[in-house]
Structures are given as C-alpha cells and as structure tokens.
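Now for the letters of each chain:
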Amino acid sequence: MREQARLRKEIERCYELIHRLGRGVVYLGSSRMGPDHSHYLQVLELGREIANLLECTSWTGAGPGLMDAATKGALQAGKSVGGFKIGKEAGEWTASNYHPYLPSEVYLTCRFFSARKHGLVDAAVRSSSADRTAVVALPGGIGTLDEIFEILALIQLQRIGSELPVPFLLMNYDSFYSKLLDFLDDCEDWGTLSKGEVSSLWKVCDSNSEALSYLSDFYNLHASDNGNHEK
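Notes on the structure follow. The structure displayed is predicted, hence computed values, not measured ones.

**Examining the nonpolar core**
The nonpolar side chains of soluble globular proteins are, as a tendency, buried together. Counting residues in each nonpolar core, the largest one holds 36 residues, and the members touching the most others are Phe84, Ile148, Ile151, Phe168 and Trp202. With residues near it in sequence (within four places) discarded, tryptophan 202 still touches Ile148, Leu152, Phe168, Leu170, Leu181 and Leu184. If you look at the next biggest cluster of nonpolar residues, it comprises 27 residues, including Ile50, Leu66, Leu138 and Met171.

So, in structure tokens, the structure goes:
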C-alpha cells in the first residue's frame, strides 16, 4: 500500500505540473543521439519551429539526446518547456536527479515509469478546442517504441482524442522507421491489423517541413491568422 500511495502521489504531481505549465506538444525520442548526430540538429530546428507555430508548452522526458534537442529548440523560440525525468537513461543511472540547466519548477524526476507515462500522455490531451497539442515521435529505441505504441493504442481505443483529436506525427528521418512501417504493412497482410488501421492514426513525416505543414493544416493556421483552429 505504501508503494501505491507513492505512485498515486507522483501521478498527482505530474498532473499539477501540467496544470501549471499548460498542455502542448509531447516529444518521444532517443536519449542516445547527441549533438554530433544529424537527427539532433533536425530535432533542434523542429522543436523551435513547432513551438513558434503552436505557441504551446513543449514536453519531453527531460533527458539527453533528442529530448534535449527538442527542449533547447523550444527555449530558443522563447517558449515554455516541461519535462518528466526518470533516473535511468541510455542504460546508465544518472549521477543526479537534477536536470543540468532547467529550473526545478519546470520538471519532475519520477521514480515510477508509470507516473512518467501518465504525465507524457496527459500533457498531450486537449481539454478544449483552444488547446494546440501534438505527439511527435522521433527516432529512438526500446523506450521510445514502448511510448509510441502505448499512445497509438490509446488513440486507437479512443482513450485519447475521441472528442478533440490529437495529431500524432512519426518523424521518419532518413527512413529510420521505414522497416517498422513495412512490418506493420505485413501485419495487415497477416490480418492482425485492418487495412489502413495504423495509417489512419498517425502522420508519417520524412522532414520537418512536412510536419510543420501538417500541423498548420490540422489547426487551420495561416501566416496571416494563426488564431483560427476549429478541430
């Protein structure tokens, strides 16, 4: 019971942080692709451009790698950021529960993975038509794939976006996810997925410009009027 109480309290703290900073775009991605990786530079640009476009809080796992790139991109745009940190990233325990540059009031260090997942999901849920949120899946490994398919299943089961749709973007930089997409096509051939079932749940983007164009269309944002969105 003591562990259950701690978990419940940690989830409540995640919700409190979201309430304070606001919902927005949630980035899922590798902690291992650092500043010397081409995908890091692409995500840095994407984080900056989406923050400017949607004018919302950018949420990540507050870790290194592509999560760091998305965070720094949003900060370059002068927009707010938030995060749900975990004590273990890239197979190594971090030396500290503290983020190297974010102020402590914009992130939580979660002990429980389930609390962190609750936070990352809830941060993308639209509570009103005025909310501009999104889930952006970046290249990543096991942890990223876990988060991608959990959120994909929640959308499929209409636990997310049943009333107010949430755009889900899969960033297929340099064909990173192409073999995964081929596998999902094979699942359709085997009958474990319906034809077009997965493709109806997300948007596969090969470039940042494609992602920005999709979000602009989704929220009916235009250069002369970025306040009109009816979805």
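That was the structure; now back to the text.
**A few points about the pairing of strand S7 (residues 134–137)**
Where burial is concerned, the two faces of S7 agree: the one with Ala134 and Val136 and the one with Val135 and Ala137 are both buried. Pairing of strand S1 (residues 24–28) with S7 involves 4 bridges; the strand directions are parallel. Its bridge partner lying in S7, valine 26 is registered against valine 135. In this sheet, strand S8 (residues 168–171) lies alongside S7 in parallel orientation, the contact comprising 3 bridges.

**Considerations on unusual backbone geometry**
The residue alanine 62 is not glycine, and still its phi comes out positive at about 55°. Structurally, alanine 62 is set in the loop between strand S2 (57–60) and helix H3 (66–76). Non-glycine residue serine 175 carries a positive phi angle of around 60°. Counting through the fold element by element, serine 175 comes out in the loop between S8 and helix H6 (178–190).

**Some remarks on the pattern of salt bridges**
On inspection of all chains with the given rule, the structure shows 9 salt bridges. Measuring nitrogen to oxygen at the nearest pair gives 3.2 Å for the salt bridge that ties arginine 23 to aspartate 122. With arginine 23 in the loop between helix H1 (2–21) and S1 and aspartate 122 in helix H4 (residues 113–122), the pair connects residues that are 99 residues apart, well separated along the chain. A residue is classified by how much of its surface remains accessible, and aspartate 122, at 17% relative accessible area, is buried. A salt bridge links lysine 117 to glutamate 150; the nearest nitrogen and oxygen atoms lie 3.5 Å apart. Residue lysine 117 is found in helix H4, and its partner glutamate 150 is found in helix H5 (residues 142–156); the two are separated by 33 residues along the sequence. Lysine 117 sits in the partly exposed class, given a relative accessible area of 21%. Put simply, Glu3, Arg6 and Arg111 are held in one network by salt bridges that share partners.

**Things to note about the environment of aspartate 206**
With respect to the secondary-structure elements, aspartate 206 resides in the loop between strand S9 (203–205) and helix H7 (208–218). Through-space distance from the C-alpha of aspartate 206 to that of asparagine 172 is 4.8 Å; in sequence the pair is 34 residues apart. Beyond its immediate stretch of four places on either side in the chain, aspartate 206 contacts Asn172 and Tyr173. Among the polar contacts listed, one links the side chain of aspartate 206 to the side chain of asparagine 172, at a separation of 3.4 Å.

**Some words on the pairing of S8**
The two faces of S8 match: Phe168 and Leu170 on one face and Leu169 and Met171 on the other face are all buried. Handedness of the β-α-β unit built from S8, H6 and S9 comes out right-handed.

**Some details on the state of the cysteines**
On inspection of all chains with the given rule, the structure shows 0 disulfides. Looking at cysteine 14, it has no disulfide partner, and the nearest cysteine sulfur is the one in cysteine 110, 4.0 Å off.

Procedures and definitions
Every chain is numbered on its own, with residues counted from 1 as its sequence reads. This being a predicted model, a pLDDT of at least 70 is required before a residue's local features are given, and a value of 80 or more before pairs of side-chain atoms are given or counted; all residues contribute to the totals for chains, interfaces and linings. Hydrogens and water molecules were not included; the side-chain quantities draw on all heavy atoms of the structure. Side-chain atoms within 4.5 Å link the members of a nonpolar core, which is a set of buried Ala, Val, Leu, Ile, Met, Phe, Trp, Tyr and Cys residues. Using a 1.4 Å probe on the protein chains alone, a residue whose accessible area is under 20% of its type maximum counts as buried, one over 50% counts as exposed, and one in between counts as partly exposed. Any two residues having at least one pair of non-hydrogen atoms within 4.5 Å are treated as being in contact. Strands here are runs of E lasting at least two residues and helices are runs of H or I lasting at least four, both read from the DSSP assignment and numbered beginning at the N terminus. In this analysis, strands are considered paired if DSSP registers two or more bridges between them. We count a salt bridge whenever a side-chain nitrogen from Lys or Arg sits within 4 Å of a carboxyl oxygen from Asp or Glu. Whenever two N or O atoms come within 3.5 Å, that pair is a polar contact, provided that in protein one can donate a hydrogen and the other can accept it, and provided that, for residues adjacent in sequence, both atoms are side-chain atoms. Look down the strands so they point away from you; if going from the first strand over the helix to the second traces a clockwise path, that crossover is right-handed. Any pair of cysteine sulfurs within 2.5 Å is marked as a disulfide.

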